[in-house]
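Spelled out from the first residue to the last, the chains are:
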Amino acid sequence: NGDDKYVDGHVNLSADWKAAERHGFSYLASSYFGHDPYGTERTAGGTLVNSSLDHWRLLNMGGKYTYGTLNDPINLEFRLDGISKRYTTNTSVTQFIDYTALVAGGTALYNYSPKTAFLLDLSGNLTNYDLSPGLNSTEYRVLTGVRWAATSKTSGDIRVGYFKHRPKTGSGFEEVSSVDWQANAKW
């Protein structure tokens with residue numbers, strides 16, 4: 001079966017710059033190439049005859065500014081990312097789900113100890129579909145949690161809060177809101 005022959009992967013390029021003791025900048029460019037398995041995205045609930053897997057490429061470029069040191073009681077982080085996802089197969093039907101997104105957010109951290117910080121995170125996501133403007137939407141998140149640095153190479157955080165998805169006015173889709181959570185670990 002030819003559908004079993006695919007390669008997914010990604011390439012990341014990042015740079016960090018400590019401009020001064022309390023000012024840091026991070027830059028990231030990522031390129032992903034992958035596919036949507038049958039039963040997800042476009043193929044969900046449908047029976048498509050003579051169609052191949054939907055392959056796509058996603059480009060993510062972004063940056064982050066950080067203010068503060070571990071000895072400061074409050075640290076701040078601001079981030080901005082641009083995302084573009086384009087389908088490369090079955091384009092006669094997948095071109096309608098190509099999109100671009102702009103994601104912005106900020107995090108305030110209260111350094112309880114050198115290894116533990118309480119955080120408040122606010123973010124927004126504006127998604128625009130190239131050929132399907134009725135799918136355009138805005139998302140908001142408000143999360144609070146704890147970041148912990150166990151060692152110099154091991155850290156993690158857990159966040160819980162609120163999520164709201166607002167579709168474009170007049171699109172016929174309903175607004176969705178719910179509890180949201182995130183957990184991250186690095187080692």
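For the structure itself, consult the block above.
In this text, all values refer to a predicted model and were calculated from it rather than measured experimentally.

Participant: For the pattern of salt bridges, give the residues involved together with the corresponding values.
Facilitator: Tallied over the full model, the rule gives 12 salt bridges. Taking the shortest distance from any N to any O, the salt bridge between Asp 157 and Arg 147 comes out at 3.9 Å. Taken as a pair, Asp 157 in strand E8 (residues 155–167) and Arg 147 in strand E7 (residues 137–149) lie far apart in primary sequence, 10 residues in all. A residue is classified by how much of its surface remains accessible, and Asp 157, at 12% relative accessible area, is buried.

Participant: Now, about the side chain of Lys 85: what can you tell me, with residues and values included?
Facilitator: Topologically, Lys 85 is positioned in strand E4 (residues 74–87). Although buried, Lys 85 forms no salt bridge, and the nearest oppositely charged side chain, Asp 36, lies 4.2 Å from it. A polar atom in the side chain of Lys 85 sits 3.4 Å from the side chain of Tyr 87. Contacts of Lys 85, omitting those with residues within four sequence positions, involve Asp 36, Trp 56, Arg 57, Leu 58, Asp 98 and Tyr 99.

Participant: Explain the side chain of Ser 132 residue by residue, including any values.
Facilitator: Within the fold, Ser 132 resides in the loop between strand E6 (116–129) and E7. On the accessibility criterion, Ser 132 (15% relative accessible area) is buried. A polar atom in the side chain of Ser 132 sits 2.8 Å from the backbone oxygen of Phe 96.

Participant: Before we move on, can you summarise the pairing of E6 with the specific residues and values?
Facilitator: Of the pairings in the sheet, the one linking strand E5 (residues 99–111) to E6 comprises 13 bridges and is antiparallel in character. Across the sheet, residue Ala 101 finds its bridge partner in E6, namely Thr 127. Judged from the 12 bridges that link them, E6 and E7 form a sheet pairing that is antiparallel. Looking at E7, one finds that Phe 118 is bridged to Val 146.

Participant: Report on a nonpolar patch on the surface, specifying residues and quantitative values.
Facilitator: Nonpolar side chains collect at one region of the surface, where Ile 74, Tyr 110, Tyr 112 and Phe 118 lie side by side and expose about 430 Å² of accessible area between them. Take Phe 118: it is sitting in strand E6. Taking the relative accessible area as the measure of exposure, Phe 118 reaches 37% and is therefore partly exposed.

Participant: Just give me the short version of the nonpolar core, but keep the residues and values in it.
Facilitator: Grouped together as the largest cluster of nonpolar side chains are six residues: Trp 56, Leu 58, Tyr 87, Ile 97, Tyr 99 and Ala 101. Of all the secondary structure elements, the ones that give two or more residues to this core are strand E3 (54–67) and E5. Setting aside residues up to four positions removed in sequence, Tyr 99 forms contacts with Leu 58, Ile 83, Ser 84, Lys 85, Arg 86, Thr 127, Asn 128, Tyr 129 and Asp 130.

Participant: Let's hear about the layout of surface pockets: which residues, and what values?
Facilitator: There is about 1600 Å³ of room inside the largest pocket. Looking at the largest pocket, it is lined by 50 residues, and the ones nearest its centre are Lys 64, Glu 77, Arg 147, Arg 159 and Lys 186. Classifying every residue of the lining of the largest pocket by side-chain character gives 16 nonpolar, 20 polar and 14 charged.

Participant: Please set out the sheet that holds E8 residue by residue, giving values where relevant.
Facilitator: The strand order E1-E2-E3-E4-E5-E6-E7-E8-E9 describes an open sheet built from nine strands, whose pairing is antiparallel. For this open sheet the edge positions go to strand E1 (9–20) and strand E9 (176–186), each flanked by a neighbour on one side alone. Each adjacent strand pair in this sheet contributes to an overall mean axis angle of 15 degrees, direction not counted. Note: E8 against E9, 11 bridges, orientation antiparallel. Following the sheet pairing, Asp 157 is matched in E9 by Asn 184.

Definitions and limits used
Residues numbered from 1 in each chain as written. Predicted model: local features only at pLDDT ≥ 70, side-chain atom pairs only at ≥ 80, totals over all residues. Heavy atoms only, no water. Salt bridge = Lys/Arg side-chain N within 4 Å of Asp/Glu carboxyl O. Helix = DSSP H or I, 4+ residues; strand = E, 2+ residues; numbered from the N terminus. Buried < 20%, exposed > 50% of the residue type's maximum accessible area, 1.4 Å probe, protein only. Lys, Arg positive; Asp, Glu negative; His and termini not counted. Polar contact = N/O pair within 3.5 Å; in protein donor to acceptor, adjacent residues only side chain to side chain. Contact = heavy atoms within 4.5 Å. Pairing = 2+ DSSP bridges. Patch = residues over 30% accessible without salt bridge, like charges linked within 9 Å, V, L, I, M, F, W, Y side chains within 5 Å. Areas by Shrake-Rupley, 256 points an atom, 1.4 Å probe, with all protein chains shown as cover. Core = buried A, V, L, I, M, F, W, Y, C linked by side-chain atoms within 4.5 Å. 1 Å grid on protein atoms, 1.4 Å probe; cavity = no way out; pocket = protein on both sides within 12 Å on 5 of 7 lines; lining within 4 Å. Points joined across faces, edges and corners; volume = space filled by probe spheres on them. Nonpolar A, V, L, I, M, F, W, Y, C, P; charged D, E, K, R; others polar. Axes fitted to C-alpha atoms, helices over the stretch in contact; angles between N-to-C directions.

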